[in-house]
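Chain residues, written in single-letter form:
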Amino acid sequence: MDSRKYLIAFVITAAIFGTAIFLSNTLADKKIENVRDIENKVALDILSSETQFALLAETSCRDIGPGFLSKELGPLGERLSYAENQSGFNEEDVDSLKRSYFLLEIKDYLLMKRLTEKCRITPTFILYFYSSKERCEDCERMGYVLTALRDKYPDLRVYSFDYDYDLGALQTLKSIYKVKSELPALIINGEPYYGFRSVEELEKNVPALKLLETAEEKALRASTTPREN
Amino acid sequence: MAEPQTFVLYSSLFISLFFEVFLLITYLEVRGDIKRDNEMIAKGPSRYPSTTVIVPCFNEEKTVEATIKSILDLDYPKDKLKLVLVDDGSIDGTLSVLNKFKNHPQINITTKENGGKHSAVNLGISMADSELISCLDADSFVTPDTLRNMVPYFDDESIMAVTPSIKVFEPENILQSMQKNEYRWGIFLRRMLSSMGALYVTPGPFSVFRSKIFKELGGFKYAHLTEDMEMALRLQKNRYRIVNSHNAHVYTVTPKRLRGLIKQRVRWTYGFINNIIDYRDLIFNKRYGHIGLFILPLAIFSIFYTPFLAGNLLAKTGSDAWKTVDRIMTAGINGDFSMPSFDWYFINTGVVSLLAVGTLALTLVIIYLSIKLADGKFRLDRSVFYYLAFYSLIVPLWLTKAVFDTIFRRKVTWR
């Protein structure tokens, strides 16, 4: 019997396996790099906004355009949550990216808050706490609702936080709003809401949402504005 | 990686990939042999050994007439070809269909009490005095050149049995169409196993044997309703050579409904497991070469890893589908129905996904070669799609049932 054939088949199969493992690791590294790039960009955006905000003392609220706050926080969150749920990513990398993501969210949130106070804009943000430790089906569904809301209202800012994540700033945020461990939890205008809420419920109960333009209205206005000019 | 389930998943993927690679290497090795076979067949037989075709029938009134006519239409000298039609105690109109041929000079008809397929074939063998004996199930049909394309192999004195290539007869629905491609794969596999001396089935539809083997090794035995497997294993155990003629086509009627298909395959798998238990001394026995060391152990192993791999695939697809449904039910379909923009970031590039892509690529290569070998040229049809989409999902149904039946010794029936 030809044992050489078995050896060749084994070597080829091992090579295919090796290539798959190598390729998977390389692509996961590239994805992590991609997330890191976005994080850097968000950090820079926030720095730029903060600087602009600091200058506000000397200027007026009118100078603040629609692109004042970073647009990349949402996509960054989606990428991180994908990386968290997929195998193949280096856990330490994902963990460190998550840490800086939460910090960036808090910074953005503070900026947003100061901005709304100074310029008397209606605050349009939601703080959302979910659990990654325990299986939380409602958290998953709440995530779908918030994504749908963000798609509908592009100016809505959703800050999502892992309730169980060990991060000083996050603990402080939780204690400020006295967030209980009944997840999912939403903080809207300082009011806590516990348990799952549907799109309709949120739209009905949150006055701030009503003031926001929907994506369609926004698109419509964008298409008619040039003619007005 | 350390979890047992992950270990089993990776081992199963490794073995299935290894088998595909092994088949493809074998193909590269035997391409020359296949060409030589084609030339030998094109030349035609150097002689026409006397041949008896036995048709065992049990309640086959619908198909047996076409089966008999297809044998009579064989392009083979009439004086060298005899038919023995054995009615195995049918309770439908089979016997009256057989009696239509009672005056045909090439045909012998006999009837007996029902005793199982093996007893009917053995009665036929006892009535035959030819050099070659073949058997054709009454739900299968030969083409005029089937026998001519098998006989030349017997010029080699060491060859004791020749198996044909089985194709699906006129597929009518998705299930039969899927089987059409499965049988093509089988044609490729049998040809490769033939070159390795590792054929472990001499199929009921038209395997041809030298009649002397029945004198030397005895007739067919009751063997867990898969007598054709037992016979092949007995030949292998006695180191009798079996080869496959990929040019000899036999058409068989395949189950039209899932229930029938599962029942048939449970019988085959149950028969395989139990025959392997009976012939366990072949396993990992160096004396028997490829069949003992690789093919049979792999076939046994595949009974367990196939449901595992398919289960994983099903669980993954199911959970993804459920998530999508859940998302739509919870939050509605967002905005207009436009597709989200393509983003490579969200493509699953995990090791298992990449290995699955690799395995699928090799599967496609083998399907291409199978179609070329079975049909002479490559033509893509729907059966390939049905096969890829559904086959791996339904295989676990019969594999697990057969294992269950074996463990609990439940009776498996023909129909």
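Each chain carries its own residue numbering, running from 1 in the written order of its sequence. To label them, take the chains in the order written and letter them from A, then take the ligands in the order written and number them from 1. Reporting in this predicted model follows two pLDDT cut-offs: at least 70 for local features of residues, and 80 or more for side-chain atom pairs to be given and counted; totals over whole chains, interfaces and linings ignore these cut-offs and use all residues.

A.B. asks: Residue-level account of unusual backbone geometry, with values.
C.D. replies: Put simply, Leu183 of chain A and Pro184 of chain A share a cis peptide bond, and its omega is 0°. What counts as a helix is a DSSP run of H or I of at least four residues, what counts as a strand is a run of E of at least two, and both are numbered from the N terminus. With respect to the secondary-structure elements, Pro184 of chain A resides in the loop between helix H5 (168–176) and strand E3 (185–188). Unlike most non-glycine residues, Glu170 of chain B shows phi in positive territory, near 35°. Structurally, Glu170 of chain B is set in the loop between strand E6 (159–168) and helix H5 (174–196). Glu170 of chain B gets classed as exposed once you count the C-beta atoms within 10 Å, which come to 9. Phi at His224 of chain B takes a positive value of approximately 55°, unusual for a residue other than glycine. With respect to the secondary-structure elements, His224 of chain B resides in the loop between helix H6 (212–217) and helix H7 (227–237). Note on burial: count the other C-beta atoms lying within 10 Å of the residue's C-beta; 20 or more is buried, 12 or fewer is exposed, in between is partly exposed, and C-beta positions come from the backbone. A tally of 20 C-beta atoms within 10 Å means that His224 of chain B is categorised as buried.

A.B. asks: Could you give me a rundown of the interface of chain A and chain B, with the residues and numbers involved?
C.D. replies: Our contact criterion uses C-beta atoms placed from the backbone: two residues qualify when those atoms are within 7 Å. Contacts between the two partners involve 30 residues from chain A, matched on the other side by 25 residues from chain B. For the side of chain A that touches chain B, the element with the most residues is helix H1 (residues 3–55) of chain A, which contributes 16 residues.

A.B. asks: Account for the sheet that holds strand E2 (residues 157–162) of chain A, with residues named and values stated.
C.D. replies: Through backbone hydrogen bonds, the strands of a sheet pair up, either in parallel or in antiparallel fashion. All names here are of chain A. A sheet is described by the order of its strands in space; here 4 strands give the open sequence E2-E1-E3-E4, paired in mixed fashion. Each having just a single partner strand, E2 and strand E4 (191–194) make up the two edges of the open sheet. Taking the axes of each pair of neighbouring strands and ignoring which way they run, one obtains an average angle of 20° across the sheet. One ladder, built from 6 bridges, connects strand E1 (residues 125–130) with E2; its direction is parallel. Strands were regarded as paired on the criterion that DSSP finds at least two bridges between them. Every angle, taken between N-to-C directions, lies between 0 and 180 degrees, and every axis is a line fitted to C-alpha atoms, over only the stretch in contact when it is a helix.

A.B. asks: Tell me about the packing of H1 of chain A against helix H10 (residues 351–375) of chain B, residues and numbers included.
C.D. replies: Contact geometry for H1 of chain A and H10 of chain B: axes closest at 9 Å, N-to-C directions at 135°. Classed by the angle they form, the pair H1 of chain A and H10 of chain B counts as oblique. Two packed elements cross with a definite hand, and for H1 of chain A against H10 of chain B that hand is right-handed. Across from Ile16, Phe17, Ala20, Ile21, Leu23 and Ser24 of chain A in H1 of chain A, the residues of H10 of chain B making contact are Val351, Leu354, Leu355 and Gly358 of chain B. Partitioned by chemical class, the residues of the contact of H1 of chain A with H10 of chain B number 8 nonpolar, 2 polar and no charged. Under this scheme an angle from 65 to 115 degrees is roughly perpendicular, one under 35 degrees roughly parallel, and one over 145 degrees roughly antiparallel; angles in between are oblique. Take the far helix as the reference: if the near one is turned anticlockwise from it by less than a right angle, the crossing is left-handed, and if turned clockwise, right-handed. In the scheme used here, Gly and all other residues not listed as nonpolar or charged are polar, with Ala, Val, Leu, Ile, Met, Phe, Trp, Tyr, Cys and Pro taken as nonpolar and Asp, Glu, Lys and Arg as charged.

A.B. asks: For the sheet that holds strand E5 (residues 140–142) of chain B, give the residues involved together with the corresponding values.
C.D. replies: Residues and elements named next belong to chain B. Strand order in the open sheet made by the 8 strands is E3-E2-E1-E4-E7-E6-E8-E5, with mixed pairing throughout. Edge positions in the open sheet fall to strand E3 (107–112) and E5, since each of these has one partner strand only. Each strand axis lies, on average, 30° off the axis of its neighbour in the sheet, ignoring direction. Where E5 meets strand E8 (residues 241–252), 3 bridges bridge the pair, whose relative direction is antiparallel.

A.B. asks: Talk me through the domain arrangement of chain A; I want residue IDs and the actual numbers.
C.D. replies: Accessible area lost upon the coming together of the parts serves often as the stated size of an interface. Residues and elements named next belong to chain A. The domain architecture assigned to chain A consists of domain 1 (1–120) and domain 2 (122–229). Facing 11 residues of domain 1, the contacting portion of domain 2 comprises 12 residues. Taken together, the elements giving at least two residues each to the side of domain 1 that touches domain 2 come down to helix H2 (73–85) and helix H3 (91–119). The leading source of residues in the side of domain 1 that touches domain 2 is H3, at 9 residues. In terms of residue class, the side of domain 1 that touches domain 2 is built from 5 nonpolar, 3 polar and 3 charged. An automatic or database domain assignment provides the domain bounds reported here.

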